[in-house]
Amino acid sequence: MAATDPDESVDPAAVRRHRVLFRAIEKRRHPKLRRSDITVTDEAAVRRATKAAALGNAMEWYDFGIYSYLASTIGKVFFPSGSETAQLLSSFATFAVAFLVRPVGGMVFGPLGDKVGRKAILSVTMIMMAVGTFAIGLIPSHTAIGLWAPGLLIFFRLVQGFSTGGEYGGASTFIAEYAPDKRRGFFGSFLELGTLAGYAGASGLVVLLSGFLGEDQMLQWGWRIPFLVAAPLGFIGLYLRLKLDETPAFQKLEGGHVKASEAADPVETSATADLGRIFTRHWRPLLLCLALVAAYNITDYMLLSYMPTYLSDELGYGTDHGLLILLIVMVLQMCVINQVGRLSDRFGRKPLLMTGMLGFLLLSVPSFLLIRQGGVLLVTLGLLLMGLSLVAMLGTMSAALPAIFPTQVRYGSLSVAYNLSTSLFGGTTPLVITALIGAFGTTLMPAYYATAAAVVGVVAVLCMRETANRPLAGSPHSVETEEEAAELVQVQFPGPRF
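Within each chain, residues carry numbers counting from 1 in the order of the written sequence. Note on the predicted model: pLDDT of at least 70 is required for a residue's local features to be given, and 80 or more for side-chain atom pairs to be given and counted; whole-chain, interface and lining totals, by contrast, use all residues. Derived side-chain values reflect all non-hydrogen atoms in the structure, with water molecules and hydrogen atoms excluded from consideration.

1. A short note on the environment of Leu-213
Topologically, Leu-213 is positioned in helix α11 (residues 184-222). As for Leu-213 and Trp-223, which are separated by ten residues in sequence, their C-alpha atoms are 9.9 Å apart. Strands are runs of DSSP state E lasting at least 2 residues, helices are runs of H or I lasting at least 4, and numbering of each runs from the N terminus.

So, in structure tokens, the structure goes:
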């Protein structure tokens, strides 16, 4: 019944009339911690889980990175008719197609991850991602098979999009549920280190191939190599994931035995965590997650996916030069992202997220004005200003988002919200910006778009609550040592005062 819902508000007058009763109910609902209520993490297990999740995320963004960095070449191979602008728009439209099915993938894989486990679903998504990317590298050109070529390209982009619908929500959940409460930001930052590594690997490989092969050979067959590399990367990621145990939080949710640690009593089963429950009972955190991800993804895709195309097509900059500059920016981001994660553990998620949002709000237009001046130094400085703003979000978001939802619906809710927002705002960013530049005739349009996204992000950060150094909702406290566990219990049961 609705009255038994613990989240439902209680009449204050009733509380005043029956203080003893409500005090007893509150104590039963939130009992004092016992030693058996606290998980002591295994450092080696946490690091293995972090490595496996980060590699899968790197694989995901490597897939999307190589497509966006080869957008012009793919447009010529699969959409040869029409002008260069039409080819580019067709290529970016196909890029965006994958994002149409991401919410569907999230709605399928997310609730399954809450029912059958994080590990099993993350293994499935890894296989699908590798197969989809590898298959794109084998598709004959439009000249060879006509309309079948773009048709097959769209089909395998849909496979990629469907699989990634369950990837980020599962990977961030996996790390968050393994990590100790006081270091969740640090370990979570490795997930986005994987994002940057995937992008950097994609851009570095494209630059190397373009330099060695030249434009003609890249157009004929060289563009296929980055896609074919996905197969061995996928097998490595799958091997690492299959070696892992399920997360302690999920094992206790199912009433299983947690190895190498102690955990809280089993909590509410996730067997009923279906989409209806997610949308009806958790719509407030869903909206918050949608807004945060929208702001974060627009700026992310604008900088890491669209900028090489912007530099070459809108400003006449050499494609390889643009990729090299962006590669330098990404390497610098990789050098500091784990420190950003540490800072979020020390000062909180909200201050770091707000720093990133305000950075894009205030610096987007100045950054693009610098980029438009041309020259390696000014372009690098403009990209670096936005890159530092982005890394403040990258290093924090993967720890902040899973903490919004309780354990029994975390994978499903995060997958649904993340992929809906990514599909509507993230994957469409290159297409929307290209169309807006054509409509309004100003190369500052990406800056205006990023500024608008940052406004939404600032409001969302103001609305969220701080979750750093606290247990995940629906999960036990998670600490690194037995001494920390004993201290948590001792705080609630102080010695007698004389």
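2. A short note on the packing of aromatic side chains
Each Phe, Tyr or Trp ring (for Trp, its six-membered ring) is paired with any other whose centre lies within 6.5 Å, and the angle between the two planes then decides the class: stacked below 30 degrees, edge-to-face above 60, tilted in between. Per the stated rule, a full pass over the model turns up ten aromatic pairs. Ring plane angle 80° and centroid distance 5.5 Å describe the contact between Phe-78 and Trp-223, whose orientation is recorded as edge-to-face. Note that Phe-78 is positioned in helix α4 (residues 71-78) and Trp-223 in the loop between α11 and α12 (224-228), a separation of 145 residues in sequence. For Phe-78, a relative accessible area of 1% translates into the label buried. Per-residue accessibility, obtained with a 1.4 Å probe over protein chains only, is compared with the maximum for each type, and a residue is labelled buried under 20%, exposed over 50%, and partly exposed between these values. By relative accessible area, which is 1% here, Trp-223 ends up buried. Taking the centre distance of 5.9 Å and the plane angle of 75° together, the rings of Trp-223 and Phe-227 count as edge-to-face.

3. Regarding the pattern of salt bridges
One side chain can pair with another of opposite charge once the charged atoms of both are near each other. Definition used for salt bridges: Asp or Glu carboxyl oxygen within 4 Å of a side-chain nitrogen of Lys or Arg. If you walk through the whole model with that rule in mind, you get three salt bridges. Among the salt bridges present, the one from Arg-410 reaches Glu-177, with a minimum N-O distance of 2.8 Å. A residue pair is termed long-range when its members are at least 10 positions apart, and Arg-410 in helix α20 (residues 410-426) and Glu-177 in helix α10 (residues 167-178) qualify at 233 residues. Take Arg-410: its relative accessible area is 0%, and that puts it in the buried class. Take Glu-177: its relative accessible area is 6%, and that puts it in the buried class.

4. As for the nonpolar core
Nonpolar cores are built from buried Ala, Val, Leu, Ile, Met, Phe, Trp, Tyr and Cys residues. Side-chain atoms within 4.5 Å join them into one set. The biggest cluster of nonpolar side chains holds 112 residues, and the ones touching the most others in it are Phe-78, Leu-292, Met-307, Met-330, Leu-383 and Leu-401. A per-element tally of this core places helix α16 (residues 283-314) first, with 16 residues. When near neighbours in sequence (up to four residues on either side) are disregarded, Leu-292 contacts Met-357, Met-397, Leu-401, Ile-404, Ala-460, Val-461 and Met-464. Core analysis: the next-biggest nonpolar cluster, separate from the first, contains six residues, Met-59, Ala-130, Ala-230 and Leu-238 among them. A contact between two residues is defined here by any heavy atoms of the two lying within 4.5 Å.

5. Observations concerning helix α9 (residues 148-164)
Look at α9: 24 Å from first C-alpha to last across 17 residues, which is about the 24 Å you get at 1.5 Å a residue. Taken as a whole, α9 has its buried residues at Ala-149, Pro-150, Leu-153, Phe-156, Arg-157, Val-159, Gln-160, Gly-161, Ser-163 and Thr-164. For a helix, the expected span equals 1.5 Å multiplied by the residue count minus one.

6. Observations concerning a nonpolar patch on the surface
Here the term patch refers to residues with relative accessible area over 30% and no salt bridge, with like charges joined within 9 Å and nonpolar side chains (Val, Leu, Ile, Met, Phe, Trp, Tyr) within 5 Å. Here the accessible surface of atoms and residues is derived via Shrake-Rupley with a 1.4 Å probe, and residues count as covered only by protein chains that are part of the display. There is a patch of nonpolar side chains on the surface, built from Val-104, Val-108, Leu-112 and Val-116 and spanning about 290 Å² of accessible area. By secondary structure assignment, the location of Val-116 is in helix α6 (residues 102-116).

7. Topic: the side chain of Asp-63
Mapped onto the elements, Asp-63 comes out in helix α3 (residues 43-69). Counting rule for charge: Lys and Arg are taken as positive, Asp and Glu as negative, and neither His nor the chain ends is counted. It is Arg-157 that comes nearest to the buried, bridge-free Asp-63 among opposite-charge side chains, at 7.4 Å. Among the polar contacts listed, one links the side chain of Asp-63 to the side chain of Thr-133, at a separation of 2.8 Å. Setting aside residues no more than four positions away along its own chain, Asp-63 makes contact with Met-129, Thr-133, Gln-160 and Ala-230. Throughout this description, a polar contact denotes any pair of N or O atoms lying within 3.5 Å of each other; where both atoms belong to protein, one of them has to be capable of donating a hydrogen while the other can accept it, and for residues adjacent in sequence the pair is counted only when both atoms sit in side chains.

8. Some points on unusual backbone geometry
The backbone of Asn-469 sits at a positive phi, close to 65°, despite the residue not being glycine. Its place among the elements puts Asn-469 in the loop between α22 (445-463) and β2 (477-479). Given the relative accessible area of 39%, Asn-469 is considered partly exposed.

9. Details of the side chain of Asn-419
Among the secondary structure elements, Asn-419 is positioned in helix α20. Among the polar contacts made by the side chain of Asn-419, one reaches the main-chain carbonyl oxygen of Ser-415 at a distance of 2.6 Å. Other than its neighbours up to four places away in sequence, Asn-419 contacts Arg-102, Pro-103, Gly-106, Thr-164 and Gly-165.

10. Brief notes about the confidence of the model for the protein chain
The pLDDT averaged across the protein chain works out to 79; a share of 82% of its residues lies at or above 70. A residue's pLDDT is the predictor's confidence in that residue, given on a scale from 0 to 100. Within the model, pLDDT remains below 50 along residues 1-8, and this stretch shows five contacts once partners closer than five positions in the same chain are excluded. Here residues 256-273 scores under 50 on pLDDT; set against residues more than four positions off or in separate chains, the count is 53 contacts.

11. Quick look at the environment of Val-206
Secondary-structure assignment places Val-206 in helix α11. On a C-alpha basis, the gap between Val-206 and Leu-70 in space is 7.7 Å, while along the polypeptide they are 136 residues apart. Setting aside anything within four residues of it in sequence, one finds Val-206 in contact with Tyr-69, Leu-70 and Leu-323.

12. Some thoughts on the packing of helix α21 (residues 429-440) against α22
Where α21 meets α22, the axes come as close as 9 Å, and the angle between the chain directions of the two elements is 125°. Viewed along their axes, α21 and α22 adopt a mutual orientation that is oblique. Viewed along their axes, α21 and α22 form a crossing whose handedness is right-handed. For the pair α21 and α22, contact is made by Thr-429, Val-432, Ile-433, Leu-436, Ile-437 and Phe-440 and by Met-445, Pro-446 and Tyr-449, respectively. Here the term charged refers only to Asp, Glu, Lys and Arg, the term nonpolar to Ala, Val, Leu, Ile, Met, Phe, Trp, Tyr, Cys and Pro, and the term polar to all other amino acids, Gly among them. Looking at the contact of α21 with α22, its residues break down into eight nonpolar, one polar and no charged. For helices, the axis comes from a line fit to the C-alpha atoms of the stretch in contact; other axes are also lines fit to C-alpha atoms, and the angle between any two N-to-C directions lies between 0 and 180 degrees. When an angle is under 35 degrees it counts as roughly parallel; over 145 it counts as roughly antiparallel; between 65 and 115 it counts as roughly perpendicular; any other value is oblique. Take the far helix as your reference; a near helix turned counterclockwise from it by less than a right angle gives a left-handed crossing, and one turned clockwise gives a right-handed crossing.

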